[in-house]
Amino acid sequence: MTNEQNDQIMQAIKELHEQMNDGFVKIDKRFEEVDKRFKEVDKGFEEVDKRFDLMHQEMNTRFDEVDKRFDEMNETAYKLKDSMDLLAKKNFENETEIHRIKKAIGQY
């Protein structure tokens, strides 16, 4: 090979090397952009996670309040049932007494 051919080959190698370096620089920039986007998306997901956590806490608080109200309503219902049972018992006792008195005075 002649010197001129060697120089041409070396020149071609240099050009290919520069093209490859330019390509690698472009790839590096692209990866940096993608990495930056992923970081932004990750921040977005973190914000969504925070919102969901806050919503979860608020829902738990509300459900705790609802549970407390249901417990109070159950207690009130049991007291009302007890009162109605007592009233029914008293009413039965009164009816029995009225029947006994009417029988004693001869109305039956």
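Think of each chain on its own: its residues are numbered from 1, step by step along the sequence as written. Given that the model is predicted, a residue must reach a pLDDT of at least 70 before its local features are reported, and side-chain atom pairs must reach 80 or more before they are shown or counted; all residues, however, enter totals for whole chains, interfaces and linings. Excluded from the side-chain calculations are hydrogens and water; all other atoms, namely the structure's heavy atoms, are used.

(A) The overall build of the protein, seen in detail. Only DSSP runs of H or I covering at least 4 residues are called helices, and only runs of E covering at least 2 are called strands; the numbering of each starts at the N terminus. Of regular secondary structure, the protein possesses one helix and zero strands. Over its C-alpha atoms the protein spans a radius of gyration of 45 Å, topping by over 25% the 13 Å that the globule rule assigns to 108 residues. Only protein chains enter the accessibility calculation, which uses a 1.4 Å probe; a residue whose area is less than 20% of its type maximum is buried, one above 50% is exposed, and one in between is partly exposed. Buried positions account for 0% of the 108 residues belonging to the protein. Note on areas: Shrake-Rupley, 1.4 Å probe, and residue coverage restricted to the protein chains presented here. For the protein, the accessible area works out to roughly 10800 Å², and carbon and sulfur atoms hold 57% of it. The average position of the 20 basic charges and that of the 27 acidic charges among the side chains of the protein differ by 11 Å. With the radius of gyration taken over C-alpha atoms, the globule rule is written as 2.2 Å times the number of residues to the power 0.38. Counted charges follow a simple rule, with Lys and Arg positive, Asp and Glu negative, and His plus the chain ends left uncounted. Every charge is mapped to an atom, namely NZ of Lys, CZ of Arg, CG of Asp or CD of Glu.

(B) Representation of the pattern of salt bridges. By definition here, a salt bridge exists when the distance from a side-chain nitrogen of Lys or Arg to a carboxyl oxygen of Asp or Glu is within 4 Å. One pass over the full model with this rule turns up six salt bridges. Glu97 is the salt-bridge partner of Arg100, the closest N and O atoms lying 2.3 Å from each other. Of this pair, Arg100 and Glu97 are both found in helix H1 (residues 3-105), three residues apart, which corresponds to roughly one turn of the helix. Relative accessible area serves as the criterion here: at 48%, Arg100 is assigned to the partly exposed category. According to the relative accessible area criterion, Glu97 is partly exposed, its value standing at 35%.

(C) Spotlight on a nonpolar patch on the surface. Together, Val48, Phe52, Met55, Met59, Phe63, Val66, Phe70 and Met73 give the surface a local cluster of nonpolar side chains, amounting to about 770 Å² of exposed area. Turning to its location among the elements, Val48 is positioned in helix H1. On the accessibility criterion, Val48 (34% relative accessible area) is partly exposed. Nonpolar side chains (Val, Leu, Ile, Met, Phe, Trp, Tyr) are joined into patches within 5 Å and like charges within 9 Å, using only residues with over 30% relative accessible area and no salt bridge.

(D) Representation of H1 within the structure. Taking 1.5 Å of rise per residue, the 103 residues of H1 would be expected to cover 153 Å, and the 148 Å separating its terminal C-alpha atoms lies within 8% of that figure. Looking one or two places after H1, you find Gly106, whose phi comes out positive at around 85°. Each residue after the first adds 1.5 Å to the expected span of a helix.

(E) Expanded view of the environment of Lys43. Among the secondary structure elements, Lys43 is positioned in helix H1. On the basis of relative accessible area, Lys43 is assigned to the exposed category, the value being 56%. Expressed as a C-alpha distance, the spacing of Lys43 and His56, which sit 13 residues apart in the sequence, is 20 Å.

(F) Just the environment of Phe31, in detail. Locating Phe31 in the fold gives a position in helix H1. We classify Phe31 as exposed; its relative accessible area is 56%. Taking C-alpha positions, Phe31 is 72 Å from Lys81, a pair spaced 50 residues apart along the chain.

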